[in-house]
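Fold and geometry: a report
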Protein chains: 2
Amino acid sequence: MYGDCMQDAGYTIQDMAERCGMTAHTLRYYERVGLIQPVGRARNGHRRYSEADEAWLHFLHCMRATNMPIREMQRYAELRELGDATSLERRKILEDHRTAIATQIVELQQAHALLTHKIANYKKIEQRIRIGGPMIAEPEPDCSLAPAS
Amino acid sequence: MYGDCMQDAGYTIQDMAERCGMTAHTLRYYERVGLIQPVGRARNGHRRYSEADEAWLHFLHCMRATNMPIREMQRYAELRELGDATSLERRKILEDHRTAIATQIVELQQAHALLTHKIANYKKIEQRIRIGGPMIAEPEPDCSLAPAS
DNA sequence: CCTTGACTTTGAGTGCGCTCAAAGATGTAC
DNA sequence: GTACATCTTTGAGCGCACTCAAAGTCAAGG
């Protein structure tokens, strides 16, 4: 055919690591724990990653970056190997993770708002220090959700 | 005064754990690593938490829940002990963390969108299976950010 | 008096997700 | 031909944030 003389084509592990925002260590680790199928090899035994590998790795990266545990990614990867018959189960995993993400977003947004509030408070304190104003009053500025603050 | 006969007042460690969404283990852990000052004790040596402790613990919980490392929380806690003079430094920590949170939110939102997309794709696949339609075509549905999909 | 249960301490153990060390093969550049 | 970079493998090590085990104290209830 044609591919026989192309076996050295594809990305090296370093290339792929950079493309996916992981280290080469992590790529090998993912392979040995079964998150990605044994990768093709060049004649010298070095790994050569395909575009398909890249897409899958990007997906894995995205799931990890949003705190999906390796365990769950493994389960998903296994189902994926089994083909379309596992579609429902896989969808369930994704839906559950999407729910988890939504929850995280809410928590982060709340924390963001809290920090904005506290930062404003610090600015006030700094102002008072600068003008040598009264340092008293204003209940503990560290009391997060406490009333007023 | 009055407080002398009130030394057993305040929340028990269990109460506080429930109120703050942590375990008693974690509360003791936070105390020994200096995240919270030595807590008051009842006559029998048991910890008794104050309202101020609760507010601070809530804050800590909120920071941890948004992935602030313990190390950074320790640094913040130390500065807090030092009083108003550390205001600027503390504000910097909060601002940095707020930035980190904003970044996380964006990542999560992207992942959320990606999942929504993939979930829709799975539904299509399931539909095709149900009606026994053509199983071919449509490039790998797992290719995350890949074009079309 | 004795049991029960909630607490105390100290130090060790756990689970996760990498991360690295060591030793070796291969291919390119000078 | 020899240095150098880049890869390979296996198994061990690490940092984080808890989490628990063991042994002990104390107060209330039956």
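The rules behind these values
Residues numbered from 1 in each chain as written. Chains lettered and ligands numbered in written order. Predicted model: local features only at pLDDT ≥ 70, side-chain atom pairs only at ≥ 80, totals over all residues. Heavy atoms only, no water. Contact = heavy atoms within 4.5 Å. Buried area = accessible area lost by both parts, 1.4 Å probe. Salt bridge = Lys/Arg side-chain N within 4 Å of Asp/Glu carboxyl O. Near = heavy atom within 4 Å. Polar contact = N/O pair within 3.5 Å; in protein donor to acceptor, adjacent residues only side chain to side chain. Helix = DSSP H or I, 4+ residues; strand = E, 2+ residues; numbered from the N terminus. Nonpolar A, V, L, I, M, F, W, Y, C, P; charged D, E, K, R; others polar. Phe/Tyr/Trp six-rings, centres within 6.5 Å; stacked < 30°, edge-to-face > 60°. Buried < 20%, exposed > 50% of the residue type's maximum accessible area, 1.4 Å probe, protein only. Lys NZ or Arg CZ within 6 Å of the ring centre and 35° of its normal. Axes fitted to C-alpha atoms, helices over the stretch in contact; angles between N-to-C directions. Parallel < 35°, antiparallel > 145°, perpendicular 65-115°, else oblique. Left-handed = near helix turned anticlockwise from the far one by under 90°. Least-squares fit on C-alpha atoms with pLDDT ≥ 70 in both.

Thoughts on the interface of chain A and chain B
Accessible area lost upon the coming together of the parts serves often as the stated size of an interface. Taken residue by residue, the interface counts 43 residues in chain A and 43 residues in chain B. For the pairing of chain A and chain B, the buried interface totals around 4000 Å² over both sides, and the portion due to carbon and sulfur atoms is 69%. For the pair chain A and chain B, the interface holds two salt bridges. One salt bridge connects Glu126 of chain B with Arg91 of chain A, and the closest N-O pair in it is separated by 2.8 Å.

Considerations on the protein's contact with DNA strand C
Around DNA strand C, a shell composed of 18 residues is seen, among which Tyr30 and Arg32 of chain A together with Gln14, Arg41 and Arg47 of chain B lie nearest. Within 4 Å of the protein, the atoms of DNA strand C are drawn from sugar and phosphate moieties in a proportion of 73%. In the environment of DNA strand C, a phosphate oxygen lies 3.0 Å from a nitrogen or oxygen atom belonging to the side chain of Arg64 of chain A. Sorting the residues of the surface near DNA strand C by element identifies helix H2 (24-32) of chain A together with helix H1 (13-20) and helix H2 (24-32) of chain B as the ones contributing at least two each. Looking at the surface near DNA strand C residue by residue, the class counts come to five nonpolar, seven polar and six charged.

Considerations on the packing of aromatic side chains
Residue and element names in this part refer to chain A. One pass over the structure, following the stated rule, counts eight aromatic pairs over all chains. Relative to Tyr76, the ring of Trp56 lies with its centre 6.1 Å away and its plane at 15 degrees, an arrangement referred to as stacked. A residue pair is termed long-range when its members are at least 10 positions apart, and Trp56 in helix H3 (residues 51-65) and Tyr76 in helix H4 (residues 70-81) qualify at 20 residues. The burial state of Trp56 is the same as that of Tyr76; both residues are buried. A network of ring pairs unites the aromatic residues Trp56, Phe59 and Tyr76 as a single cluster. A cation over a ring is seen here: Arg80 above Trp56, with NZ or CZ 3.7 Å from the ring centre.

Section: the protein's contact with DNA strand D
Near DNA strand D you find 18 residues, and of these Gln14, Arg41 and Arg47 of chain A together with Tyr30 and Arg32 of chain B are the closest. Sugar and phosphate atoms form 71% of the subset of DNA strand D atoms that lie within 4 Å of the protein. With respect to DNA strand D, the backbone of Ile70 of chain B contributes an N or O atom lying 3.3 Å from a phosphate oxygen. Broken down by secondary-structure element, the contributors of at least two residues to the surface near DNA strand D are helix H1 (13-20) and H2 of chain A together with H2 of chain B. The dominant element in the surface near DNA strand D, judged by the number of residues it contributes, is H2 of chain B, at five residues. Here the surface near DNA strand D is built from residues that sort into five nonpolar, seven polar and six charged.

Focus on the packing of helix H4 (residues 70-81) of chain B against helix H5 (residues 87-130) of chain B
All names here are of chain B. Closest axis-to-axis distance for the H4/H5 pair is 9 Å, and the angle between their directions is 155 degrees. As summarised for this structure, H4 and H5 are arranged roughly antiparallel, according to the angle between their axes. Remark: the crossing between H4 and H5 carries left-handed chirality. Together, Glu72, Arg75, Tyr76, Leu79 and Arg80 of H4 and Glu89, Arg90, Ile93 and Leu94 of H5 make up the contact between the two elements. Among the residues making up the contact of H4 with H5, the classes are represented as four nonpolar, no polar and five charged.

Things to note about the relation of the copies chain A and chain B
If you rotate chain A by 180 degrees and push it 0.0 Å along the axis, it lands on chain B with an RMSD of 0.0 Å. Here the copies are linked by what is in effect a two-fold axis. Measuring from the rotation axis to each C-alpha of chain A, the shortest distance belongs to Ile105 of chain A, at 3.0 Å.

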